[in-house]
Amino acid sequence: MIIREEKTITVRSQVKEQLHHKILIVGGGTAGLTVAAQLRRKGVEDVGVLEPSDKHYYQAAWTLVGAGAYRPEATVRPEEHQIPQGIRWIQDAAEEIDPIKQVVRTREGREVGYDFLVVAAGIQLDWHKIEGLEETLGQNGVSSNYRFDLAPKTWAFMQQLKGGVALFSAPSTPVKCGGAPQKIMYLTADYARRRGFARGLEVVFGSAGTTIFAVPEIKAVLDRVIERYGIDTRFHHELVAVDGHKKEATFELTANHPKVKAAPEAPKPRITIPFDFLHVVPPQSAPDFIKQSPLADPSTPLGWVEVNKHTLQHARFPNVFSLGDASSLPTSKTGAAVRKQAPVLVENLLSVMKGQEPSRQYDGYTSCPLVTAYGKMFLAEFLYDNKWHPTLPINTQKERYDMWLLKKHGLPFMYWNLMLKGQA
Ligand SMILES: Cc1cc2nc3c(=O)[nH]c(=O)nc-3n(C[C@H](O)[C@H](O)[C@H](O)COP(=O)(O)OP(=O)(O)OC[C@H]3O[C@@H](n4cnc5c(N)ncnc54)[C@H](O)[C@@H]3O)c2cc1C
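Residues numbered from 1 in each chain as written. Predicted model: local features only at pLDDT ≥ 70, side-chain atom pairs only at ≥ 80, totals over all residues. Heavy atoms only, no water.

(A) Molecular detail of the UniProt feature "domain: FAD/NAD(P)-binding" (unreviewed entry) in the protein. Following the UniProt record, one finds the feature "domain: FAD/NAD(P)-binding" (unreviewed entry) at residues 22-139. Taken end to end, residues 22-139 is 21% helix and 33% strand, and its first and last C-alpha atoms sit 47 Å apart. (UniProt positions renumbered as here; feature names shortened; annotations may be inferred. Helix = DSSP H or I, 4+ residues; strand = E, 2+ residues; numbered from the N terminus.)

(B) Geometry of empty space enclosed by the protein. Enumeration over the complete set of coordinates arrives at 2 cavities of 30 Å³ or more. One number sums up the size of the largest cavity: a volume of about 40 Å³. Along the walls of the largest cavity sit Gly 324, Asp 325, Ser 327, Leu 329, Thr 331, Ser 332, Lys 333, Thr 334 and Gln 341, which together make up its complete lining. Per-class residue counts for the lining of the largest cavity are 1 nonpolar, 6 polar and 2 charged. In this structure, the second largest cavity spans a volume of roughly 30 Å³. If you go around the second largest cavity, the residues you meet are Ile 130, Ser 169, Ala 170, Pro 171, Gly 206, Glu 238, Leu 239, Val 281 and Pro 283. Among the elements of the structure, β12 (164-170) and β15 (237-243) are those that each provide at least two residues to the lining of the second largest cavity. Of the residues belonging to the lining of the second largest cavity, the class tally is 6 nonpolar, 2 polar and 1 charged. (1 Å grid on protein atoms, 1.4 Å probe; cavity = no way out; pocket = protein on both sides within 12 Å on 5 of 7 lines; lining within 4 Å. Points joined across faces, edges and corners; volume = space filled by probe spheres on them. Nonpolar A, V, L, I, M, F, W, Y, C, P; charged D, E, K, R; others polar.)

(C) Broad picture of the packing of helix α5 (residues 151-160) against helix α6 (residues 180-195). One way to put it is that α5 packs onto α6 with a least axis distance of 10 Å and a crossing angle of 30 degrees. Classified by the angle between their axes, α5 and α6 sit roughly parallel to one another. Handedness of the α5/α6 crossing: right-handed. When α5 is examined against α6, the residues Thr 154, Trp 155, Met 158 and Gln 159 are found in contact with a partner set consisting of Ile 184, Thr 188 and Tyr 191. (Axes fitted to C-alpha atoms, helices over the stretch in contact; angles between N-to-C directions. Parallel < 35°, antiparallel > 145°, perpendicular 65-115°, else oblique. Left-handed = near helix turned anticlockwise from the far one by under 90°. Contact = heavy atoms within 4.5 Å.)

(D) Just the domain arrangement of the protein, in detail. The domain architecture assigned to the protein consists of domain 1 (3-123 + 286-364) and domain 2 (126-283). Just the C-alpha atoms count here: the centres of domain 1 and domain 2 sit 31 Å apart. The interface is formed by 18 residues belonging to domain 1 together with 19 residues belonging to domain 2. Approximately 1,500 Å² of surface area, both sides summed, lies buried where domain 1 meets domain 2, with 68% of it carried by carbon and sulfur atoms. Its largest share of buried area at the contact with domain 2, domain 1 owes to Trp 62, Thr 63 and Gly 66, together 34% of the area lost on that side. (Domains from an automatic or database assignment. Buried area = accessible area lost by both parts, 1.4 Å probe.)

Encoded structure:
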């Protein structure tokens, strides 16, 4: 039976309802529900999930939606059906966390107390940090696979392309799925090749990064893909403004660009690139309510929940844990990483609940299905410190059709039927 919190009529600034759970999970996305399901499988009682959205998304398929290779409707299901049996769903958003009083205050005026807290509220998309972007998103050939409603627009704009410049951006902040900014680029290049206009299309990657991929064994494969498509890579380029009407994107050179290093006092040079199609990946950070809370990592303005990178326990509040995109774990933020983090968190949380020290360790495992063409994918798997870590008994340094099938069919099946049920 799903215990669902009845909505109460509330007046902001007044506490309308006080609740308490032994374990409160903030965020019912990939990480929150995976942890909730695993806790229930272990027979843990009195778990609440605070989640405002009535929809649950399989975001990993949005890359394929953007390329017309997956139905958008197949990436969304009602949240109600995903909440594990016996878990209380509080349909509301956290606004403030007070880890001293052990209480979370919500948008609708609730105060939810907890003994133990799991923060899994995902990542915030900071569209507003790129001047002119919000006004033009979804129009003028500007789109992004980072939103459910926009991914189909990416596909629409891709189909309108007949040549010109297809421009792809990647910001300097960590993003969810570090491979997503480039996967749609390879799919666009392949689309142009298949439709016969690749020669008339200039594909440009404007990235604030310093390289196509930080893991050398994976970079080697991607360098060959880039060469095959003739992609013009411009690293150290941060997208700062978009003019949708003029179809121009402005980049600022980053601090580690040789020109900026040579004249660090001078204003950073800006470069404007005209485009016919622009796929934007916005800068990202922890949700504001986390940034503003005592749980935030003080060493960065991005505000991730500061946890021990092996135990996932908070650095200062031992009854608080975090995983997934909102956490400070220094690995690539993916659902695949969450799959490995969740059992570590659950076991360590249960130890702490028994008064013991957390003993299980997360090694930073993450993976990214790098789609490089229609029908081709290779799996990038790695650990902390960008250590390549292939786990499959096949050559994963090769673009493969069986891996494409895994991305298109195997992983979504695993997500909905095993991971969210606490079985993978
Ligand atoms: C285009 C794209 C492609 C991707 N491709 C891949 C891929 O190929 N492979 C892969 O493994 N991963 C991929 N990912 C990344 C993957 O989706 C995320 O890393 C994963 O969902 C992280 O889980 P999470 O629970 O931390 O965040 P989410 O799943 O985003 O869940 C966060 C939840 O917190 C909720 N929330 C937000 N604010 C509040 C609040 N104030 N109070 C309470 N709840 C709140 C949200 O509504 C949401 O349900 C991709 C993502 C995108 C966007």
